[in-house]
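# Observations on the three-dimensional arrangement
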Amino acid sequence: SQGLDKWFESEMLKTTLACDAVIGTMTSPRNVGSAYVLLHHVLGEAAGRQGVWAYVEGGMGSISNSIARAASEAGAELVTGCAVEEIVLDDNGKAIGVRVDDGGLIRARQAVVSNLSPFQTMVQLLSDPAAQQAGEEAKGEKKGLSAYCKHIRGADYTCGSFKINCALDKLPSFSCLPNHRDGRPGPQHRGTIHFENDREEIERACMEASRGVPATRPVIEMTIPSSLDTTVAPPGQHVAQLFVQFAPYDVDPALGIGWEDPTFKEDFVNRVFSIVDEFAPGFQDSIVGVDALSPLDLERVFGLHKGNIFHGALGLNQIGWARPAVGWSSHRTPVDSVYLCGAGNHPGGGVSGAPGRNCAAVLLSDMGLAIK
C-alpha cells in the first residue's frame, strides 16, 4: 500500500492494483512482500505488450495441446489416461522411471522431470525419505534427502484462492457501463473486471481468511474470454471466469467441516454471485452452468497441495534462490535424475513457461548438451 500511495492518487486505481498484489496469497496489500506479488504479475508480456495478460484461443487447454504437438513432432511418446503413483528408484537411489496406476513401469532414458508441485513429487511420489536417506548414508553420500523433504513439507502453502467458472445465456451488463443495445461485447468485457471499492475491503477479507473464516465480502476478479474468443461458447452465450480471494484451505473448525460440506461451499459461491449482482444486475439469473472449485477441490482435482495455485506461496522467503528450498533452486533434487520444472521453482506460477525452460537448460547441461 505504501508504494501505491506514493505513485498514485485514485483510490479506485490503487485498489485495482492491490488486487494483483494478493492473487494466490494469504496476504494483504499492507503486508511486506505484497509488492513482489504485484511485480510478479506484471513481469511478463503478451503480444509484445509489457505487463499484460492475454486469452488463449480455445481455452487454456490449447496451450497443453500445443506443447503436446511440439513434443510429438520432436519424437516424444505421450502416455495419457493414467496416473503416476510412484517414482521408482534403483538400488543406488537413482530414478529409473515412474509406476502408473495399472502397475506398469514407464522407464526413464535420462531423467524423471516433474511438472507437479515439489510436495507432490518429493513427498507423495517418493518412497519413505528416511529410508532413502539411510541408503545414501550407507553409500557414504550426504545429499540430505530427508532434510529436503522435511523442508518441502513445512513450506508455506497458504493461498486462499477459489475458482468459479460460469456458463451464461447472455453477456453481463454493468451498471457503470451498460451493454450495447445489440448485446455485442464492449471494451468493458474484454479485460479483467474488479468488484472492490477500496483497499479496506481487501484488508478485511484477508484478516477473516487468516482466522480460517472465508471472506464475508470476497475479492473477485472476472474475465469473460468469450467476449474475444467465440470458440469457447455457443453463439449468443458466454463464459465468465471468477477468480476469488480469500477462501482459506484450513477452515475454522467452529464453522463445521468446511469445504467438505456442499452447503458451506454453495453459500460461499452464492455470496460471490450476490456481489457481482450489485454491479451487474441479473448476472445470477443468467447463469446456466457452474463449475465451482474450492481450495479442497483444487487439491483433489489438480494435485495442488492445500489448493496453492503457485505450487507454494510467493513469500519473500520462498522465491528466487530459496525456491523450492535454499540450495536447491537449480531444478535438481537430492534424488539422482529427478528434476522439477513446475511453478514450485523460480520464478513461480503464472503460465510463463520460464520454470520449464530453465529446467530444460539445466538438464541439457547435465547431459553435456546446450539448449537451442
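An account of the accompanying structure is given in this report. (Residues numbered from 1 in each chain as written. Predicted model: local features only at pLDDT ≥ 70, side-chain atom pairs only at ≥ 80, totals over all residues. Heavy atoms only, no water.)

Let us look at helix 11 (residues 354-366). Taking 1.5 Å of rise per residue, 13 residues should cover 18 Å, and helix 11 covers 18 Å from first to last C-alpha, within 8% of that figure. Within the span of helix 11, buried status applies to Pro355, Cys359, Val362 and Leu363. Axial view of helix 11: buried residues confined to an arc of 95°, hence all on one face. On its buried face, helix 11 sits against strand 6 (112-114) and strand 12 (338-340). Just downstream of helix 11, Gly368 is the residue with a positive phi angle, here 80°. (Helix = DSSP H or I, 4+ residues; strand = E, 2+ residues; numbered from the N terminus. Expected span 1.5 Å × (residues − 1). Buried < 20%, exposed > 50% of the residue type's maximum accessible area, 1.4 Å probe, protein only. Arc of directions from axis to C-beta. Contact = heavy atoms within 4.5 Å.)

Our next topic: the pattern of salt bridges. Counted under the stated rule, the structure contains 13 salt bridges. A salt bridge links Asp366 to Arg332; its shortest N-O distance comes to 2.8 Å. Taken as a pair, Asp366 in helix 11 and Arg332 in the loop between helix 10 (295-302) and strand 12 lie far apart in primary sequence, 34 residues in all. Within this structure, Asp5, Glu11, Lys14 and Arg199 form a network of salt bridges that share partners. (Salt bridge = Lys/Arg side-chain N within 4 Å of Asp/Glu carboxyl O.)

Okay, the sheet that holds strand 7 (residues 161-168) next. With antiparallel pairing, the five strands of this open sheet are ordered in space as 8-9-10-7-11. The strands lining the two open edges of the sheet, one partner per strand, are strand 8 (193-194) and strand 11 (287-293). Note: strand 7 against strand 10 (residues 238-245), eight bridges, orientation antiparallel. Bridge pairing in strand 10 links Phe162 to Val244. (Pairing = 2+ DSSP bridges.)

Another aspect to go through is the nonpolar core. One finds Phe162, Ile164, Cys166, Met222, Leu242 and Phe283 to be the most contacted residues of the largest nonpolar core, which totals 29 residues. Those elements giving two or more residues to this core turn out to be strand 7, strand 9 (219-223), strand 10, helix 9 (262-279) and strand 11. With seven residues, the single largest contributor to this core is helix 9. Setting aside its immediate chain neighbours within four residues, Phe283 contacts Cys166, Leu168, Pro172, Met222, Ala240, Leu242, Phe273, Val276 and Asp277. (Core = buried A, V, L, I, M, F, W, Y, C linked by side-chain atoms within 4.5 Å.)

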